Amino acid sequence: MTGHEPKPSPRRLGRAGIAVAAILVAIVLVIFFGRNLWHATEVDEPPPATGQSQQP
């Protein structure tokens with residue numbers, strides 16, 4: 001480590017920032033849609049039967 005490493009160009013820093021933001025947005029979208037799909041399957045399932053609520 002000589003301390004004379006070249007700094008990245010502003011254009012490269014901008015692209016890195018955009019890439020990080022895109023990855024974060026993708027993670028949020030995957031979690032959001034995955035949770036919605038999971039919730040949709042939970043709502044479609046019939047409620048569990050209990051002995052008290054069943055009529056003879």
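Residues numbered from 1 in each chain as written. Predicted model: local features only at pLDDT ≥ 70, side-chain atom pairs only at ≥ 80, totals over all residues. Heavy atoms only, no water.

**A closer look at the overall build of the protein chain**
At step 1: The number of helices and strands found in the protein chain is one helix and zero strands.
At step 2: Residues counted as buried form 0% of the 56 residues belonging to the protein chain.
At step 3: Just so you have it, the protein chain exposes about 5700 Å², and 68% of that area is on carbon and sulfur atoms. (Helix = DSSP H or I, 4+ residues; strand = E, 2+ residues; numbered from the N terminus. Buried < 20%, exposed > 50% of the residue type's maximum accessible area, 1.4 Å probe, protein only. Areas by Shrake-Rupley, 256 points an atom, 1.4 Å probe, with all protein chains shown as cover.)

**Brief notes about a nonpolar patch on the surface**
At step 1: A cluster of nonpolar side chains, Val-20, Ile-23, Leu-24, Ile-27 and Ile-31, forms an exposed patch at the surface whose accessible area comes to about 490 Å².
At step 2: On the basis of relative accessible area, Ile-23 is assigned to the exposed category, the value being 52%. (Patch = residues over 30% accessible without salt bridge, like charges linked within 9 Å, V, L, I, M, F, W, Y side chains within 5 Å. Salt bridge = Lys/Arg side-chain N within 4 Å of Asp/Glu carboxyl O.)

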